[in-house]
Structure formats: C-alpha cells, structure tokens
Amino acid sequence: MPETITITDDRTGKQITVPITDGVFPASAVRELDPSLYIYDPAYMQTAACKSSITYLDGENGILRYRGYPIEQLASKSTYLEVAYLLLNGELPDAAQLAMWKHEVTNHTYIHENMRKRFVDGFHYDAHPMGMFVSSLAALGTFYNDAKDIDDKASRDKQILRLIAKTPTLASMAYRFSAGLPFVYPDNDLSFPGNFLNMMWKIGEYNIDPRLERAMDVLFILHADHEQNCGTTAMRVVGSSHADPYTSAAAAASALYGPLHGGANEAVVRMLTDIGHIDNVPAFIEEVKGGKGSRLMGFGHRVYKNYDPRATIIKKTAYDVFEVTGKNPLLDIALKLEETALSDPYFVDRKLYPNVDFYSGLIYQAMGFPVSMFTVLFAIPRTVGWLAHWQELLADKDQKISRPRQWYTGVEARDYIPMTSR
Ligand code: ACO
C-alpha cells in the first residue's frame, strides 16, 4: 500500500492527498491547496531543499556514505583524489581513469602569478588565513572568464579541476603570507596531501612523515562532503542564480568560516586551551549547562543525534598522528570533557555527541598548523563536495533560482510623514 499524506485546509474544507516517497512529500501539495499558504521552517529543519544522490546521512544511526560507500571503508582504504572522483562522477574510477584524474589535477595546481603578487600580497599583514582564502577563491574566478560558461560541460569540468587542484595552493599561500614566509610552488611529483604539506612547511628537501601525509589524506576524505550543510546550501543557493563556480564556492567558504559550522574546530582548541586543566572540566561543563559560558564546542549536530561517524575515525587518526608528533597536551582535557558530557543527562537527553570538529583541531595543532588555519584545512577537501552539488544542481530539471518566501511580521502600510511634520 503506497504511503500518502492528506492535508485538510480547515478554512475551506479543501483536502489534498499526496504520496510520501522516502519520507518526503512535495511542498507543491500546499501550493495546490492554497497558493498563498506557506510553510514556516526557519533554518530548513524539516525541508528537503533538493534531490541528491551524492551523500547519504542517517543521523539517528550515525551513518555516512558517499555514493553508497561507507565512510569507514573510504577512510581506511581510499585516497582523497579517488573519493573526489567518486563524488563528482558517481562511480569509483578504474586504474586508467584514476591515473588520468591525478595527472590532470596535478597539472592545474599552479595559480596565476598576479594572484600572489598583486592580490594576496595586498592583504593586511595580520589578515586571517580563512578570510584570505574566501576572497582568493572569488578573485581566482576573475582569471578564468570561461568559467561563466556554465552550460558547457567541458568548461564546467575544467573549472572543477582547477578549483580542486588550486585550493591547496591558495591555502598554503594564505598561511605563508600570514607567517611572513616565501611562497612555495607546487611540486607535481608529490601526492595531493604531500604537495599541500610541502607547500606549507617546505624548508629543504621534502621530508614529511608518510604517516602524517596519510593522516592528512584521511582528514580530507572525511571532510569531502556532508550533504546539505550550511556551506553546501550556500553553494547551491548562489549556484542557482547561475553565478560561476568560483563565486559560488566563495559563498560556500564564507558560510564555512562561521564558528557554528567549519569554524568550530578552531573554537574547540581555543576552548580546550581556556579550560587549561582536566580539573577545570566539571566547572566548565556546569557553566555550559547553565548557559553562562559558551556551548561545548565540537559537540552537537543538526542531523547526528548519535556519535558522528567521522569523529570516531578522527579520534583514531589522532592517536596515529600523536605517534609521530607526540601527544597534544590538550588531548587529556578533550577526553575528560567527552567522558563527562557523555555521562551527563543534559547532553544525553539532547543527544549531543562529539562531532567532526571535536578531535580534528587537536590533530591539526599537533601537526604544527596554527589555529587560524583550521577552517582552511576543512575548506580544501570540502571544495569537491561543493562542486559535486553544484554539478548536480545544474543538471536537475526541478531546480530554479532559490527564492524562499517569508512570514512578514512588520507593520502594515502607513503614510510617510515628512521630516518637517514629525
Ligand atoms: N553545547 C551545549 N548545549 C548545546 C550544544 C552544545 N555544543 N549544542 C546544542 N546544545 C543544546 C541547545 O542549547 C539546545 O538546548 P535547549 O533545547 O535546552 O534550548 C539543544 O541542545 C538543541 O540545540 P540547537 O541549537 O537547537 O541545535 P541545532 O541543531 O540548531 O545546532 C549546532 C546544531 C549548531 C551544531 C549546535 O549543536 C552547536 O552550536 N554546537 C557547537 C558548535 C559546533 O561544534 N559546530 C560544528 C558542527 S559540525 C560542522 O558544522 C562541520
């Protein structure tokens, strides 16, 4: 028996029955009932804004899959570039396709000299790297006027390649500028994460520990996509106006910059540093519960009402990294916080568990990244997720320019009173 929902308008007695498919029913039912009737859904809590076949997320059971593949398997067996191919194309590449994809990405890592000399060098000396990254993404689009041709598949593919290849270069450039270090050009003989780490830290020959290179790749895989999060929604909303992908990605990166989204990993390390010692954890938790202090950063999620599966993998990766770097002294505070929160009814009742950001910052810090780079590290791999959604959006015949309505709560019409009469 097909599932349906029947909505009755008690004002008119009109009734409409529509099918429920995969737990979703079309809002057009409301339009059919009465075109001037709207659904009030701030923050889109109950709204499926699009159809998507990229990422599956079951928040109740802590499940995350890219194109059907469990995140746990991809994180342990795949690479970021293979995952990027999967997200964009829907299927895993064969050996020849993967080799070609890697070759193409590594041949687009360089950025125009004017980006560095004229644009990035113009930032204030203490500019935040994420602010630099956001604006560099938008500026990059001005170097490729063919990006405007979003109806041409060849052009779209080229911009996608450019964006994936150049984000590590932009990210390392933002860091080196903020640290007053000379720019390091990409080395196309290295792996994707290896090239990024080399551009970040290069002093002499390439000497990054392969375990750190792998950890970076795992973190890139885990952050590659996460269905309709705030940043991806920004990408889709701006992309729906047919803006070019650089401008749309800059909007997505701006959303990611916020402390309630990608900025949370930065906030976690600042919070752990402020707590200072495990003995201070109980008092901190009480402050959070009393609403006096901040929230417990790195905890809670709009969709996960269970352990974020990425947090489980990241926690394990943290120990792999600490084997090379030595333990991050903030780890003990994080473990104590997690233990305390997970046994406290406040957090248990609200289904608040560690999210992806709770342990990632500790890894980044142990690897030597300054706190201000954390969100940039998130943005590099998330670029592929944004682009996969952008591609999907443009191919979706149901999509139009994003244009929600509002519930107007302002004053009714009134006559303007000239200043002299007020
Ligand atoms: N610490 C303390 N209390 C919390 C937390 C937290 N981290 N998160 C939610 N709550 C409480 C809220 O106060 C609220 O309690 P109430 O019902 O008594 O008022 C309840 O849990 C529900 O919270 P909402 O804000 O309604 O949940 P929402 O789904 O809107 O927020 C969010 C999700 C923004 C992630 C939130 O949990 C949060 O602020 N977490 C901390 C920031 C963070 O870690 N962000 C990263 C998210 S992952 C990512 O973006 C990659």
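The structure presented is a predicted model; accordingly, all values stated were derived computationally and were not measured. (Residues numbered from 1 in each chain as written. Predicted model: local features only at pLDDT ≥ 70, side-chain atom pairs only at ≥ 80, totals over all residues. Heavy atoms only, no water.)

A.B. asks: Hey, could you go over unusual backbone geometry for me, with residue numbers and the actual values?
C.D. replies: At Asp 22, a residue that is not glycine, the phi angle is positive and equals roughly 50°. By secondary structure assignment, the location of Asp 22 is in the loop between β2 (15-19) and α1 (28-33). Despite not being glycine, Ala 43 has its phi angle at roughly 65°, a positive value. The topology assignment puts Ala 43 in the loop between α1 and β3 (55-58). (Helix = DSSP H or I, 4+ residues; strand = E, 2+ residues; numbered from the N terminus.)

A.B. asks: Go over the pattern of salt bridges with me, naming the residues and quoting the values.
C.D. replies: Between side chains of opposite charge, pairing is possible as soon as their charged atoms come close. The full count for this structure, using the stated rule, is 21 salt bridges. With a shortest N-O distance of 3.8 Å, Lys 351 and Glu 60 are connected by a salt bridge. You can see Lys 351 sitting in the loop between α16 (345-349) and α17 (357-366) and its partner Glu 60 sitting in the loop between β3 and β4 (63-66), a full 291 residues away along the chain. With a relative accessible area of 36%, Lys 351 lands in the partly exposed category. Between Lys 117 and Glu 113 there is a salt bridge, with its nearest N and O atoms 3.7 Å apart. With Lys 117 and Glu 113 both in helix α5 (residues 113-119) and 4 residues apart, the pair spans about one turn of that helix. Connected through salt bridges with shared partners, the residues Asp 9, Arg 11 and Asp 34 form a single ionic network. (Salt bridge = Lys/Arg side-chain N within 4 Å of Asp/Glu carboxyl O. Buried < 20%, exposed > 50% of the residue type's maximum accessible area, 1.4 Å probe, protein only.)

A.B. asks: Before we move on, can you summarise the layout of surface pockets with the specific residues and values?
C.D. replies: Over the atoms rolls a probe the size of a water molecule, and its path tells where empty space is left. In this structure, the second largest pocket encloses a volume near 380 Å³. Together, 16 residues line the second largest pocket, and Asn 89, Trp 101, Lys 153, Asp 157 and Gln 391 are the ones closest to its centre. Residue assignment for the lining of the second largest pocket shows that the elements contributing at least two residues are α3 (80-89), α4 (95-106), α7 (153-179) and α18 (374-395). Per-element accounting of the lining of the second largest pocket gives the leading share, 6 residues, to α7. Counted by class, the lining of the second largest pocket contains 8 nonpolar, 3 polar and 5 charged residues. (1 Å grid on protein atoms, 1.4 Å probe; cavity = no way out; pocket = protein on both sides within 12 Å on 5 of 7 lines; lining within 4 Å. Points joined across faces, edges and corners; volume = space filled by probe spheres on them. Nonpolar A, V, L, I, M, F, W, Y, C, P; charged D, E, K, R; others polar.)

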